[in-house]
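Tertiary structure, described
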Amino acid sequence: MQKNVRAQRPLKANRLPVKTLKPGKALGKSHVRAFKAAVLIQRWYRRYMARLEMRRRCTWRIFQSIEYAGEQDHLKLNHFFDYLVDHFMSSNSKERDFINRVFSESDIPKDPKVEKACNYELIQVPLHYAGPRLSFPLSPDHATALLDAFKQEKQLHAHYVLKLFHETLKHLSQLPNINNISTCLSEEITVCGDLHGQLNDLFLIFYKNGLPSPAKRYVFNGDFVDRGKQSIEILIILFAFLLIYPKEVHLNRGNHEDYMINLRYGFTKEVMRKYKEHGNKILKMLRHVFSSLPLATLIDQKVLVVHGGVSDTTDLQQLARIDRRKVFSLLTQKRKSEKILRLSEAGTASFSEVSRQSDISKRVQQSVQEELDSCRQQAGLTEPRGLETSIGTPIASVSELDMKSLESFEMEETEIKQILDILWSDPHPQDGCRINEERGGGCYFGPDVTERVLQKHGLQLLIRSHECKPEGYEFCHNRKVITIFSASNYYAVGSNRGAYLKLGPDLIPHFVQYQASKMASQLTMTQRISRVEETAYQALREKLFAHRSDLATAFKSFDKNRSGVITLSDWATAVESVLHLGLPWRMLRQQLVPRLIAGKLDYSHWLTHIAMEQKSTSQERIQSSLLETIYRNLPNLETIFNIIDTDHSGLISFEEFHQIWRLFSTHMQIEISDSSICDLARSIDFNKDGNIDFNEFLEAFRIIKHQID
């Protein structure tokens, strides 16, 4: 054997040092060709990956811009509602009563003890009910039964839902605004971000990380509901574990735990669809539950967990003193309105002074004032006698101010801003703190703001959620801010991973990423980007379709010679001037503009190319301008409908439908004739009972892509 080993050694030595050999001419050329081929392959691969990354970033920017534009639009609509309540002084008592009924919060029970609010004891559970049953106090077996039932797509009976929410409210009402929890030497705390009604993500988290238990502690950082289809199931599971393990499970409030946001983003509709006759009771109960959720969590007095972020005015001591249960919705600042009304009636304040103290920007004030003027012109209303409503005009002498009332008002506005900032803000790479104009609420806070807030309160890390991230998490601000987002495939299948983080006693975060969709995990990166890209561009084409009249006008303004063609630069400028999405339109040109004529765009042909086909016989009877208005403002229209439909029955009368369009046209500053509204109402009233079924209305105007040869 030794001989064999010795014989093999020189052979290996001869093979290894290739460079010591003196290769022939042919061998040298082959090596050069191989090297050049490797370099070419490497260049091609890098370019290919760079193009994929550019496509991914463009797609992400489209999704995010459309999402933030919707939030901004919703907040603007609610600012208009607030001002409408404060200043609508119609001589028509019918109109006045309608406004007061729709936009007051009188339907929220004032007594938070809930028996009167939900009456769950009056709801009988039928004998044939085959879903899970709950008895209180809950045990871990009840939580397991709920998980199994929801995996089988069973539904918890309304009696148990209301009872569960009742017990949850009692527990939450005893908690402070800022929960303080600590890690033990052998324990980890798991922090989860937005779930947004995606139950499969929650199942996957529990599968990978384990169910909540005395040894497995969780912090869920808000935005449990909206957008996804199983928000109510997520709430039931989280509330059940909260009651079973009150010291191990902690919930923070997010900006979507707000009934006004729920009207727009799907949760209200989901509850009414699943629970029908009892849905209204559940929604009213949830207003109290959401307002009772804690606002933040402190881990070991070193890590702050909030949903959105901080601002240059964030103060944890002040935040801890706020009565959070009064804030049913940050978007309906009725407390401010009532203060203004009391001060003006008593003649003890000036509107200019109150406006100065408001956290609403001058830009919003001016916009709302213009909308109010438009409202009076379109509705034929005159200025109320004895009261000047223009911004900055005094109602009474400043010298007559009741300072105690004004100080109380200032404190309340400061409290609202404290909550608004931690629920709605986003980090920004540049120093400073400025208004978050993309979302319309909260602020952008820079690294310097983060550093000051952390130093002020002796903290070392800020954990927040609120923003979808491609990898499910992201560091920023010198790794002192972590964004964690737990809803995978948020925009489309394959758009992003979900993630959660784990903190031990050393407070070093460890991340776990996942994909809840089997389809997404089976796709290659190229296939995944292509599918997500297709979804993003489809959403963008719908936006373009909804604004085609405005786009045509903008294009014509650049076409001075009326040639029918414009440059790509003018096309990009015109599109941005109409949509205001802040997108790199020239980079998107290849997907949106299929062909050019001598380097220029035939905009009439392009507008035809992006046209959509609408499937509805009723649409044929509606003028095209009204149809475009409906498509463009469908979310606003649905939100106004849901506000007016106070019992969430899905039905409103013809008269209420006219009032919707009056408010809608006032807010959007558009003119719609009464005959067009009557034609629309008749076409929607399918069973001719004099009521409008808005769900059928939305279905009738669903946008479907039209393939053009």
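Residues numbered from 1 in each chain as written. Predicted model: local features only at pLDDT ≥ 70, side-chain atom pairs only at ≥ 80, totals over all residues. Heavy atoms only, no water.

The next thing to look at is the overall build of the chain. Assigned secondary structure in the chain consists of 27 helices and 20 strands. Expressed as a percentage of its 709 residues, the buried residues of the chain come to 53%. Across the chain, contacts joining residues at least 24 apart in sequence account for 75% of those joining residues at least 6 apart. Accessible surface for the chain amounts to roughly 34,200 Å². Of this, 51% is attributable to carbon and sulfur atoms. (Helix = DSSP H or I, 4+ residues; strand = E, 2+ residues; numbered from the N terminus. Buried < 20%, exposed > 50% of the residue type's maximum accessible area, 1.4 Å probe, protein only. Contact = heavy atoms within 4.5 Å. Areas by Shrake-Rupley, 256 points an atom, 1.4 Å probe, with all protein chains shown as cover.)

Attention now moves to the sheet that holds strand β11 (residues 473-476). One open sheet accounts for six strands, arranged β1-β5-β6-β10-β12-β11; its pairing is mixed. One side of each edge strand has no neighbouring strand; the edge strands of this open sheet are β1 (178-181) and β11. Ignoring strand direction, the axes of neighbouring strands in this sheet form an average angle of 20 degrees. Bridge count for strand β5 (residues 296-299) against strand β6 (residues 303-305) is three bridges, and the pairing is antiparallel. Counted as the bridge partner of Ile299 is Val303 from β6. (Pairing = 2+ DSSP bridges. Axes fitted to C-alpha atoms, helices over the stretch in contact; angles between N-to-C directions.)

Any two side chains of opposite charge can pair if their charged atoms end up close together. All chains considered together, the criterion is met by 21 salt bridges. The salt bridge involving Arg57 is made with Glu53; its shortest N-O contact spans 2.8 Å. Separated by four residues within a single helix, Arg57 and Glu53 lie in helix α2 (residues 25-87), roughly one turn from each other. Judged by relative accessible area, Arg57 falls into the exposed class, the value being 55%. With a shortest N-O distance of 2.7 Å, Arg464 and Asp426 are connected by a salt bridge. Here the residue Arg464 occupies a position in strand β10 (residues 461-464), and Asp426 occupies one in strand β7 (residues 426-427), the gap between them amounting to 38 residues. Asp426 shares its class with Arg464; the two are buried. Members of the salt-bridge network, linked through shared partners, are Asp426, Arg439, Arg464, Glu467, Lys469 and Glu474. (Salt bridge = Lys/Arg side-chain N within 4 Å of Asp/Glu carboxyl O.)

Across all of its chains, the model carries 19 aromatic pairs by this definition. Residues Phe555 and Trp606 carry aromatic rings whose centres are separated by 5.7 Å and whose planes lie at 70 degrees to one another, so their mutual orientation is edge-to-face. Placement of Phe555 in helix α19 (residues 548-558) and of Trp606 in helix α22 (residues 603-609) is noted, with a sequence separation of 51 residues between them. Here the two residues Phe555 and Trp606 agree in accessibility, since each one is buried. (Phe/Tyr/Trp six-rings, centres within 6.5 Å; stacked < 30°, edge-to-face > 60°.)

Looking now at the pairing of strand β3 (residues 217-220). Neither face of β3 is left uncovered, since the one carrying Arg217 and Val219 and the one carrying Tyr218 and Phe220 both have all their residues buried. With respect to chirality, the unit in which strand β2 (residues 189-192) leads through helix α7 (residues 199-209) into the neighbouring parallel β3 is right-handed. Viewed along the sheet, the connection from β3 through helix α8 (residues 231-244) into strand β4 (residues 249-251) turns out right-handed. (Right-handed = clockwise from strand over helix to strand, strands pointing away.)

Bringing the confidence of the model for the chain into the picture now. When pLDDT is averaged along the chain, the result is 77; 66% of the residues meet or exceed 70. Long-range and interchain partners of residues 613-623, a stretch whose pLDDT sits below 50, account for 22 contacts in this model, where long-range means more than four residues apart. Considering only residues more than four positions removed or in separate chains, one finds that residues 700-709, a stretch of pLDDT under 50, has 27 contacts. (pLDDT = per-residue confidence, 0-100.)

To continue, consider the environment of Phe511. Tracing the backbone shows Phe511 in strand β14 (residues 509-514). A relative accessible area of 23% places Phe511 in the partly exposed class. As for Phe511 and Thr190, which are separated by 321 residues in sequence, their C-alpha atoms are 9.6 Å apart. The contacts of Phe511, once residues within four sequence positions are left out, are Tyr473, Phe475, Ile482, Ile484, Tyr500 and Leu501.

Right, let's talk about the sheet that holds β3 for a bit. Reading across the sheet, the five strands line up as β4-β3-β2-β13-β14 and stay open at both edges, with mixed pairing between neighbours. Two strands in the sheet have a free side with no partner beyond their single neighbour: β4 and β14. Between one strand axis and the next, the sheet turns through 20 degrees on average, direction left out of account. Relative to β3, β2 runs parallel, the two being bridged by four bridges. By the bridge assignment, Thr190 is partnered in β3 with Tyr218. Its contacts with the sheet put α7 on β2, β3, β13 (498-503) and β14, and the angle it makes with β14 is roughly 125 degrees.

Residues Leu156, Phe165, Phe220 and Ile236 are the most contacted members of the largest nonpolar core, which totals 59 residues. For this core, the secondary-structure elements that each account for two or more residues are α5 (140-151), α6 (158-172), α7, β3, α8, β4 and α10 (267-292). The dominant element in this core, judged by the number of residues it contributes, is α8, at 11 residues. Among residues more than four places away in sequence, those in contact with Phe165 are Ile232, Ile236, Phe239, Ile282, Met285, Leu286 and Val289. (Core = buried A, V, L, I, M, F, W, Y, C linked by side-chain atoms within 4.5 Å.)

Relative orientation and spacing of two packed helices are given, respectively, by the angle between their axes and the distance between those axes. α8 packs onto α7 with a crossing angle of 35 degrees between their chain directions and a minimal axis gap of 9 Å. Our pair here, α7 against α8, has a crossing hand that is left-handed. The residues of α8 that touch α7, namely those facing Leu199, Leu202, Phe203 and Phe206, are Glu233, Ile234, Ile237, Leu238 and Phe241. A breakdown of the residues in the contact of α7 with α8 according to their chemical character gives eight nonpolar, no polar and one charged. (Left-handed = near helix turned anticlockwise from the far one by under 90°. Nonpolar A, V, L, I, M, F, W, Y, C, P; charged D, E, K, R; others polar.)

Count 3.6 residues to each turn of an α-helix, and residues three or four apart come out pointing the same way. By the burial criterion, the buried members of helix α16 (residues 447-456) are Val449, Thr450, Val453 and Leu454. Projected down its long axis, α16 carries its buried residues within an arc of 125 degrees, all on one side. In α16, those exposed residues whose orientation departs by more than 90 degrees from the buried face are Gln455 and Lys456. Where α16 is buried, its residues touch β8 (433-435), β9 (443-445), β10 and β12 (481-484). Phi turns positive one or two residues past the end of α16, at Gly458, with a value near 65 degrees. (Arc of directions from axis to C-beta.)

Taken together, the buried positions of α19 are occupied by Leu551, Ala552, Ala554 and Phe555. The arc that holds the buried residues of α19, viewed along the axis, is 165 degrees, so those residues lie on one side. On the buried face of α19, the contacting elements are α18 (525-546), β15 (565-566), α20 (568-579) and α22.

In the sheet, β13 pairs with β14 via six bridges, with the strands oriented antiparallel. The partner of Gly498 across the bridge, within β14, is Tyr514. Taking the residues between adjacent antiparallel strands as the criterion, β13 and β14 are bridged by five residues, where Leu507 takes a positive phi near 60 degrees.

What follows is about the side chain of Gln198. Take Gln198: it is sitting in the loop between β2 and α7. Judged by relative accessible area, Gln198 falls into the buried class, the value being 18%. Polar contacts involving the side chain of Gln198 include one to the main-chain carbonyl oxygen of Ser488, which spans 2.7 Å. (Polar contact = N/O pair within 3.5 Å; in protein donor to acceptor, adjacent residues only side chain to side chain.)

This part takes up unusual backbone geometry. Here the residue pair Phe136 and Pro137 is connected by a cis peptide bond, since its omega of 5 degrees sits within 30 degrees of zero. Along the chain, the position of Pro137 falls in the loop between α4 (115-118) and α5.

Take the side chain of Arg324 next. With respect to the helices, strands and loops of the structure, Arg324 is situated in the loop between α11 (316-321) and α12 (334-346). It is Asp323 that comes nearest to the buried, bridge-free Arg324 among opposite-charge side chains, at 6.7 Å. Among the polar contacts made by the side chain of Arg324, one reaches the side chain of Asn177 at a distance of 2.6 Å. Residues in contact with Arg324, not counting those within four places in the same chain, are Leu172, Leu175, Pro176, Asn177, Arg253, Ser291, Ser292, Leu293, Pro294 and Leu295. (Lys, Arg positive; Asp, Glu negative; His and termini not counted.)

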